[in-house]
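# Fold and geometry: a report
Each chain, written out:
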Protein chains: 2
Amino acid sequence: MATIYEVSALAGVSLATVSRVMNGGTRVSEKTRDKVNKAMEDLNYRPSSIARSLASNCSNSVGILVSELHGPIYGEMMSGIEKQLRTAGKHVIIAAGHSDAVSEKDGIEFLIDRNCDALILHVEAISDEYLIELAKSKHPFILINRYIPQISDNCISLNNRRGGYLATKALLEHGHRDIAYISGPLWKMDASDRYLGHQDALSEYGITCNDTLLFESNFQEEGGNEGISTLLDTHLPFSAVVCANDEMAAGAMQAARDKGLAVPNDISVMGFDNILLAQYMYPKLSTVNYPVKDMGKMAASWILKNIYQASQPEITHVFEPELVWRDSVNSL
Amino acid sequence: MATIYEVSALAGVSLATVSRVMNGGTRVSEKTRDKVNKAMEDLNYRPSSIARSLASNCSNSVGILVSELHGPIYGEMMSGIEKQLRTAGKHVIIAAGHSDAVSEKDGIEFLIDRNCDALILHVEAISDEYLIELAKSKHPFILINRYIPQISDNCISLNNRRGGYLATKALLEHGHRDIAYISGPLWKMDASDRYLGHQDALSEYGITCNDTLLFESNFQEEGGNEGISTLLDTHLPFSAVVCANDEMAAGAMQAARDKGLAVPNDISVMGFDNILLAQYMYPKLSTVNYPVKDMGKMAASWILKNIYQASQPEITHVFEPELVWRDSVNSL
DNA sequence: TTGTATGCGTTATCAC
DNA sequence: GTGATAACGCATACAA
């Protein structure tokens, strides 16, 4: 690995000059620039980003912390972020937080330690206080899918409550009155917000929300499966179920079929997220669109704008969900 | 940010001593160790991993390059890798190669520049020659889902050809003779290997493989959709279709239904990969298991063993696929 | 426009 | 067991 020393020697100039042509800030004469460039070519020189970031305290890389590295939502999110950042010449370091407070703090510290210029955080378990405190430090970050009033500028979130409202309201409009709900872990903000929206819609129709029709699950296929089975076993009547994400909806539809119920004729199913596969499920899943990729891009834009002073279109901080009507819900 | 200087000053010892207690290699007296530890606590000292890796030329982080950050396969892969590495105290830097040679080389250089101790590469477009050359450099790497004879020790791959064979053979055993095939991009090794396996099975049954029943697609849902439509339009008879991955199978099943065909009664569908959602499709998808998460873990093990000298169970270099029989195929 | 000197926060090689 | 001191590869204020 050639160093800047060897380049300067070969080019017959000083260290500083080599550094200058690399960074292109100050003016260098055409001639010396060429000499240096040639020397770099000849030596196949690659600057050490480590040394560079030690000296300049800027790494041109941003850290991303997501709950999991797998799953359609996180995948789309990372994808959106990376795309936006990469075209701006920035790079991405990714860690997983596993929805666990200790693990999430670990991840944040790791990313900070790696000299990331900024952080994009999808954290679920860490407290608001910790993040508010973090906002006072000199480590810039943007929160994704989370809203904390005190640091709202650092938040890019989905109006989950309205999403939950839209989902249930659609069912109500189509005549459903007995509506079961399979939720994600209610300690997660998005899960509880979506459920709140569900209750909003219900009360708008004068229906008292019945917690006996609530099943708290885990946002995973198998959880939706289990949810339907359990709800059915209660023998409480319901004509429709809203699942707090599409994966659970997939599990729910399967479990319903396994029990001999037809979707949507015997039971209607509503999802949430609008993952790619939702339109390929059978029946095609009615759901609520969560524009997570766009939100990822927006988070990246925020960073480009606020940290790297790049000009960017206006930042949207809260995104609105939209109902996506397909085949998994029928009219009563 | 406190530095090692401040710690040494507060503890009343030298730089070197502080460094020693951090790294725990050489012996330090109980007393000074305590002093130093206390000083670190008091200052909330966090060593700079950047400076550390500049000085030691070791970053305790491994670079991962995948084609995309989204998608069930890459997600599981990254997840498996991260899990294994994290428990060993190593960290992960991720970049996307987008199945494009230039982009993949970029990614590799970025990861090398970031001082990764080793690389885990899922590359599709880069030539064998480049990788063989890279193997001669001092940057250790392991290839995942790719086999190059000259550097087989650096490869962890799936026997894709056998997988393709298993898929088609299962259809043949169940009486199917006219079998269509929706492939991934044939310039990708896994796609072409799977198709080769398909041909193997066919010829084993004395059937000459008919390229008119081949549709080369893109490994995506929409591609499977398009594939079925196109194949149907040829009016060539076929009772089954094997899709080179589950996502295309999802698209194919949907397209078939949209055309009024029942799966599996009118047409049988076989997938490949066994993504999580395969068992939640309707009908539940018969497919071939691609143990990608285990392969990710294995890649991580290889690195732990060969780069970090950790003791690891024996390394498996080529994984064998297995048929997963579900409901999307019927007997003729 | 170019060169010199110093600093960035560690590790590592010597001595003591 | 502990302490100086020189790398590590680059950026940058200050001079020239």
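Residues numbered from 1 in each chain as written. Chains lettered and ligands numbered in written order. Predicted model: local features only at pLDDT ≥ 70, side-chain atom pairs only at ≥ 80, totals over all residues.

### Concerning the protein's contact with DNA strand C
Around DNA strand C sit 28 residues in total, of which Ala16(A), Ile4(B), Ser19(B), Ala51(B) and Ala55(B) are the nearest. Listed by contribution, the elements that provide at least two residues to the surface near DNA strand C are α2 (15-23), α3 (30-43) and α4 (49-56) of chain A together with α2 (15-23) and α4 (49-56) of chain B. Within the surface near DNA strand C, the residues separate by chemical class into 15 nonpolar, 10 polar and 3 charged. (Near = placed C-beta within 6 Å. Helix = DSSP H or I, 4+ residues; strand = E, 2+ residues; numbered from the N terminus. Nonpolar A, V, L, I, M, F, W, Y, C, P; charged D, E, K, R; others polar.)

### Things to note about the sheet that holds strand β9 (residues 268-270) of chain B
Residues and elements named next belong to chain B. With parallel pairing, the 4 strands of this open sheet are ordered in space as β7-β6-β8-β9. Of all strands in the sheet, those with a lone pairing partner are β7 (214-216) and β9, marking the two edges. On average, each strand axis in the sheet is inclined to that of its neighbour by 15°, with strand direction left out of account. Looking at chain direction, strand β8 (residues 240-243) and β9 are connected through 3 bridges and run parallel. Of the residues in β9, the one forming a bridge with Val242 is Met270. (Pairing = 2+ DSSP bridges. Axes fitted to C-alpha atoms, helices over the stretch in contact; angles between N-to-C directions.)

### Side note on the protein's contact with DNA strand D
Taken together, 27 residues lie near DNA strand D, and Ile4(A), Ala51(A), Ala55(A), Ser14(B) and Ala16(B) sit nearest. Among the elements of the structure, α2 and α4 of chain A together with α2 and α4 of chain B are those that each provide at least two residues to the surface near DNA strand D. Grouping the constituent residues of the surface near DNA strand D by class yields 15 nonpolar, 10 polar and 2 charged.

### Description of the interface of chain B and chain A
Between chain B and chain A, the residue contacts involve 35 residues of the former and 34 residues of the latter. Only α4, α5 (72-87), β2 (91-96), α6 (101-113) and α11 (246-258) of chain B provide two or more residues apiece to the side of chain B that touches chain A. Of the residues contributing to the side of chain B that touches chain A, the split by class is 16 nonpolar, 11 polar and 8 charged. (Contact = placed C-beta atoms within 7 Å.)

Taken by themselves, the reported measurements are silent on function.
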